[in-house]
Amino acid sequence: MQFQDVFQKKHLIFDGGFGTMLLAAGLPAGASPDQWNISNPDAVRAVHEAYLNAGSNVITTNTFGSTVPRQKRGEYKPADLVIAGVKIAKEAIAASGKDAFVALDIGPLGEFLEPLGDLTEEEALEYFREPIEAGVSAGADCILIETMSVLDEALVCIRAAKTYGGGLPVLCTLTYDIRGYLMTGETLEDAVAALENAGVDALGCNCGVGPEQLVSLLPRFIACATKPLIMQPNAGLPEYRDGETVYLCGPEAFAAEMEKLANGGVWGLGGCCGTTPAHIALVSKLA
Ligand SMILES: [Zn+2]
């Protein structure tokens, strides 16, 4: 199957949280998970394998922070982290024998564009160009721009993906608050229109909130979006216990809310912070 064919499917199952899985596997707190693509590839491959076994049709590369601003203190170049990350994901799919795809993960730069910060649009475009070109050369099937909470940055990233992405499909999910606003104040209706205008192939939201909050926002997405919708919420709203952020929505409760999203017309189903292969195993039954 070609990736383009997935747009004909009623539902597509993405994967779940990655960072927390690597922390559980011994990644030191505060370290960049992306570094393990080179220094501990077996641990990264094991997470991909767990999600493939759980029923993911699309696995997302461990490259969320593979950009110059996020790797300033790192040992490895972002392009090398991306090439290694795509290779590991492809190996995991080949070993599983499943018909699954590799989404090249691109996260926010961690620095603000002008006028909020110092970054110019051209600098940001170059920062995004590096992982995108590396991911295309390594054989990714699509580009997944995610956890963007600043609309301008998402739009620059989409421009980079359309310019340097070798024609790969571009998917983009933003992070909204419980009332459907981005951090920079735009409504989801404004953001959806801007993303569609920029030429994305699918769009939606990830992180920030749990599935229950997205069920409330869903009618607004359905009313304004014409492209397939992707929703990858956290395992509930964050809670704070003993100085740590935790997500307490278990697999059954998570899947029950995801079922409402699936029945309500959401195409791409997956999870973000706090979700595990156990969550995705139940979500994959909805496909
Ligand atoms: Zn998240």
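Residues numbered from 1 in each chain as written. Predicted model: local features only at pLDDT ≥ 70, side-chain atom pairs only at ≥ 80, totals over all residues.

## Description of the sheet that holds strand β10 (residues 268-269)
- Read across the sheet, eight strands follow the order β1-β10-β7-β6-β5-β4-β3-β2 without closing on themselves; strand pairing throughout is parallel. The open sheet has two edge strands, β1 (12-13) and β2 (58-60), and neither has a second partner.
- Relative to strand β5 (residues 170-174), strand β4 (residues 142-148) runs parallel, the two being bridged by four bridges. In the strand pairing of β5, Ile143 is matched with Val170.
- Where helix α6 (residues 151-164) meets the sheet, it contacts β3 (101-106), β4 and β5, and its direction lies at approximately 170° from that of β4. (Pairing = 2+ DSSP bridges. Helix = DSSP H or I, 4+ residues; strand = E, 2+ residues; numbered from the N terminus. Contact = placed C-beta atoms within 7 Å. Axes fitted to C-alpha atoms, helices over the stretch in contact; angles between N-to-C directions.)

## What about the nonpolar core?
- Ranked by internal contacts, the top residues of the largest apolar core, which has 87 residues, are Ile143, Ile145, Cys157, Ile158, Leu171 and Cys172.
- With nine residues, the single largest contributor to this core is helix α4 (residues 78-96).
- Once residues within four sequence positions are removed from consideration, Ile158 is found in contact with Ile145, Val170, Cys172, Leu195, Ala198, Gly199 and Val200. (Core = buried A, V, L, I, M, F, W, Y, C linked by C-beta atoms within 7 Å. Buried ≥ 20, exposed ≤ 12 C-beta atoms within 10 Å, placed from the backbone.)

## Notes on helix α8 (residues 211-224)
- When the terminal C-alpha atoms of α8 are compared, their 19 Å separation across 14 residues agrees well with the 20 Å that a helix rising 1.5 Å per residue should span.
- The largest bend in α8 amounts to roughly 45° and is located at Leu217, with the proline Pro219 lying one to four residues further along.
- Within α8, burial applies to Pro211, Gln213, Leu214 and Phe221.
- In the core, the buried residues of α8 are packed alongside α7 (188-198), β6 (202-206), β7 (229-232) and α9 (251-263). (Expected span 1.5 Å × (residues − 1). Bend = angle between axes of the 7 residues up to and from the residue.)

## Details of the packing of α4 against helix α5 (residues 121-138)
- Orientation of α4 relative to α5, taken along the N-to-C sense of each, is 35°, at an axis distance of 8 Å. Between α4 and α5 lies a crossing whose hand is right-handed. Between α4 and α5, the residues in contact are Pro78, Ala79, Val82, Ile83, Val86 and Lys87 and Glu130, Pro131, Ala134, Gly135 and Ala138, respectively.
- Of the residues belonging to the contact of α4 with α5, the class tally is eight nonpolar, one polar and two charged. (Left-handed = near helix turned anticlockwise from the far one by under 90°. Nonpolar A, V, L, I, M, F, W, Y, C, P; charged D, E, K, R; others polar.)

## Regarding the environment of Cys272
- You can see Cys272 is positioned in the loop between β10 and α10 (277-283).
- The class for Cys272 is buried, based on 27 C-beta atoms found within 10 Å.
- For the pair formed by Cys272 and Ile158, sequence separation is 114 residues and the distance between their alpha carbons is 21 Å.

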